[in-house]
Structures are given as structure tokens and as C-alpha cells.
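# An overview of the molecular structure
Here is what each chain is made of, one letter per residue.
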Amino acid sequence: MTLTDPWQSLKSGNWVKLICGASFQDLPAIRSLTLAYTLAGADCIDVAADPSVINAAKEGLKAAQKLINHDQNQGLSRTWNPWLMVSLNDGEDPHFRKAYFDYQHCPPDCPRPCEKICPAQAITESENGILGVIDPRCYGCGRCLPVCPSQLIKTRSHTISPPEIIPLIQSMGIEAIEIHTQVGREDQFKQLWQAISPTINQLQLLAISCPDSPHLIDYLRYLYQLISPLPCPLIWQTDGRSMSGDIGKGTTHPAIKLGEKVLNSGIPGFVQLAGGTNHYTVPKLQEMGLLNASKTSNQRISGVAYGSYARSILSPILEQLENQSMSLNSPLALENYPNLLQQAVKIADSLVSPLKLEVRSQKSEVRS
Ligand code: SF4
Ligand code: SF4
């Protein structure tokens, strides 16, 4: 396998990003996910703007680099350079929230649907028998909220402010940022942009993530005017149905529909899907002609970001890793378990490779 340069991937239309999650703070999982998806060829690792989370991702990147160097010493040629991205928000956003409840108020006979529905195994019983949310694992998907028959589950939101982000860009080797916004937040975005724009020239990439809305295109045009000219590439992340890719096949449609809408608007920038992406996304894009290598980057989808789905397909491996490292009383480092590492990379590769291979094969068809 040849790993590619992120900038080259973006230009070629086969950019793949792993979203660990703007609120996800499970450090061992973040380290392992970063390692597996980096080895599978992801171009960008998107993590919460939290120094401990960034360090965990950097540990995963370092472990991947060590394995790649080893391969290079064995005569295998690969280059490696995924960008590290953090997200910030200009207001309330589901990606920046955590669920909580007080178990003392739960009816004793509740069948605990909250525990069953949580995709992150964040709702669990402690050793002293108390059910609760393991805060670092919760990434704010909100699926537990409507299933509680007593409506006990609430969320608390947080906003990542420029004073939190700027030191991370300056001192922690962050190469990309993503701003989560929503239609109608012109003033909040402007304020945020004024605070962070002096640091933009230190970045390789700026991404703007926005869900759909009737006035989306006018809003994106406003943002584009405001941020231009940019010293780095711009990605429009079309957030179809947030944090839903692991629910089923159909969740990919809103992401693609939104991607098409932004492409058709002609606003300059790369368009990358997110929010509902999964194994069905690339075949669907291919079927719809949206990966066409003979078109310019402004006429085709340039990349796909995978979040909840990417994490869920690796969760059985991460569980085994946790159990094995506990039973052996050894560090939770995926690279120390070659069998698990191999399985993890194979699974990650099954998500990363289809886009890489599809675009490469189209390019060779165009050339021939
Ligand atoms: S279901 Fe979603 S919001 Fe609820 S605890 Fe689990 S991860 Fe958090
Ligand atoms: S579903 Fe609601 S009431 Fe039942 S255990 Fe969960 S939080 Fe408590």
C-alpha cells in the first residue's frame, strides 16, 4: 500500500478523514483509532481541541510512523503525513455536548434502554452498581435522550473559544482547524473569525462544517467573502445527518445530497462529505458520477470524512485490546498486539481504500 500526501489527496479527489469527534475524549481509543487509520492511509485525523486528546492522537501518529519507518527499512516505499485537525464552534452544536443524568432518579424497574442504545458504551454501571455516563466516551450523539421513559437525560454544551484553540495551533503542531457553524450565525462567525484569522497562515487547511438549511448557500457565500483571501485550502464539510453513519445504509443519502447542493452552488473550495458516511458512501458517489476524475475539484466530491461509523467498526477490536491488556497487565498499546493491529488496519483499510482506489482507477482510465 502507498500512503499519499494529504494535499495531493485533496487535489486528486481521494481525501479521507477520520473524525474522532469534537467531544470524544477516550484517550486509549483515540490513540488506537489514529494508529489504525493512519496505517490504512487516512489523510487527516480530526480530534477534540483538548491537549490530552491531541497528545493521545500524536502518540498514535508516532506509533504509526515507527511502524512505517520499519517497513521502509525493509525496502517498502511509503510516505506518510496525515494532518492533525481540531474543531471549534461559533455556538451551540450537537458535536460539542455531553449527556448526563442522575441515577438516583431512575425507577428501579427501568429496563435501561439508554445503556443499550449508546453506540459508545458510554452509559454503563460502575463497580458500586451506579449507572451513569462515562464522560470522556460520550460524543454527544443524543440517541439516549428520546429513549429514556422518564426524560431524565440532559445534555450540557460547550463552546471551544479562540483562546483555547490558538495555543494549540502555536504549540501542539495542529495543522488544520474546522469551524462548526450554522445558518444565521453571521455575527458569531465573524467574531470568531476576527479572533483566529491571525493564526490561519500557520495552518495547512481550513474546514467549515455546516448542516443543511433553506438559506445554506447564501450563508456559505457570506462566509466565503468574509474569509477570503485564504493562505491555505478550504474544505466545505457537508454535515448531512450528524453522527449517524453507524445507524444504517440510508444515512449516507443526506450527506451526498448536501454535498451536491454545495457543489452545484459553485462556491470555491473542496467539498467533503460527513454526517452519515459509511461503507455505502463511495459506491453511491461512484454510481452518481460524483467522483469523476475528468472533472475539476469544483465539480466533484473531493473527499469523505468518517466518524461514528469508523469508530464503531473498530470497537470490537478496541474492546479485545482493553481486555487483553488488562489480563496481561500491560500497556494499552495496539502495536504491542500484532494480531489485533493487523485486524484493525484491515478493517480501517476497508473504509479508506475504496475512495483511494476508485479515484486512482478513474485517473488511469482518463489517461489511457
Ligand atoms: S447515546 Fe450518545 S449522547 Fe448518549 S451517552 Fe451515548 S454517546 Fe453520549
Ligand atoms: S432510561 Fe432513563 S430512567 Fe432508565 S436507566 Fe436510563 S436514564 Fe435511568
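Residues numbered from 1 in each chain as written. Chains lettered and ligands numbered in written order. Predicted model: local features only at pLDDT ≥ 70, side-chain atom pairs only at ≥ 80, totals over all residues. Heavy atoms only, no water.

The next subject is helix H8 (residues 216–227). Taking 1.5 Å of rise per residue, the twelve residues of H8 would be expected to cover 16 Å, and the 17 Å separating its terminal C-alpha atoms lies within 8% of that figure. Of the residues making up H8, those classed as buried are Leu216, Ile217, Tyr219, Leu220, Leu223 and Ile227. For H8, the angular spread of buried residues about the axis comes to 155 degrees, placing them on one side. Turned more than 90 degrees from where H8 packs its buried face, Asp218 and Gln225 sit exposed. Its buried side turned inward, H8 meets helix H7 (186–196), strand E9 (205–210), strand E10 (234–239) and helix H9 (252–265). (Helix = DSSP H or I, 4+ residues; strand = E, 2+ residues; numbered from the N terminus. Expected span 1.5 Å × (residues − 1). Buried < 20%, exposed > 50% of the residue type's maximum accessible area, 1.4 Å probe, protein only. Arc of directions from axis to C-beta. Contact = heavy atoms within 4.5 Å.)

For the rest of this paragraph, the subject is the site of ligand 2. Near ligand 2, the surroundings consist of Phe101, Cys106, Pro107, Cys110, Arg112, Pro113, Cys114, Leu131, Cys148, Pro149, Leu152 and Ile153. Across the shell around ligand 2, the residue classes break down as eleven nonpolar, no polar and one charged. (Near = heavy atom within 4 Å. Nonpolar A, V, L, I, M, F, W, Y, C, P; charged D, E, K, R; others polar.)

Counting buried positions along strand E8 (residues 176–180) yields five of five residues, so the element is predominantly enclosed. Both faces of E8 are covered, namely the face carrying Ala176, Glu178 and His180 and the face carrying Ile177 and Ile179. As paired elements, strand E3 (residues 83–89) and E8 share five bridges and run parallel to each other. Each bridged residue has a counterpart across the sheet, and for Asn89 the counterpart in E8 is His180. The pairing of E8 with E9 spans five bridges and is parallel. Paired with His180 across the bridge in E9 is Ser209. Handedness of the E8-H7-E9 crossover: right-handed. (Pairing = 2+ DSSP bridges. Right-handed = clockwise from strand over helix to strand, strands pointing away.)

So, about the nonpolar core. Judged by nonpolar contacts, the single largest core of 105 residues is most densely connected at Tyr37, Val47, Ile177, Leu206 and Leu220. The element contributing the most residues to this core is helix H12 (residues 338–367), with nine residues. Two domains each donate at least three residues to this core, and these are domain 1 (6–91 + 162–311 + 339–367) and domain 2 (96–157). Formed by ten residues, the second largest nonpolar core is a distinct cluster that contains Trp83, Ala176, Leu205 and Phe270. (Core = buried A, V, L, I, M, F, W, Y, C linked by side-chain atoms within 4.5 Å. Domains from an automatic or database assignment.)

Once that is clear, we can look at helix H2 (residues 27–39). Over its 13 residues, H2 extends 18 Å from the first C-alpha to the last, a length consistent with the 18 Å expected when each residue adds 1.5 Å. Of all 13 residues in H2, eleven are buried; the element is thus mostly enclosed. Regarding H2, the residues found buried are Ala29, Ile30, Arg31, Ser32, Leu33, Thr34, Leu35, Ala36, Tyr37, Thr38 and Leu39. Looking one or two residues past H2, Gly41 carries a phi angle of roughly 105 degrees, positive in sign.

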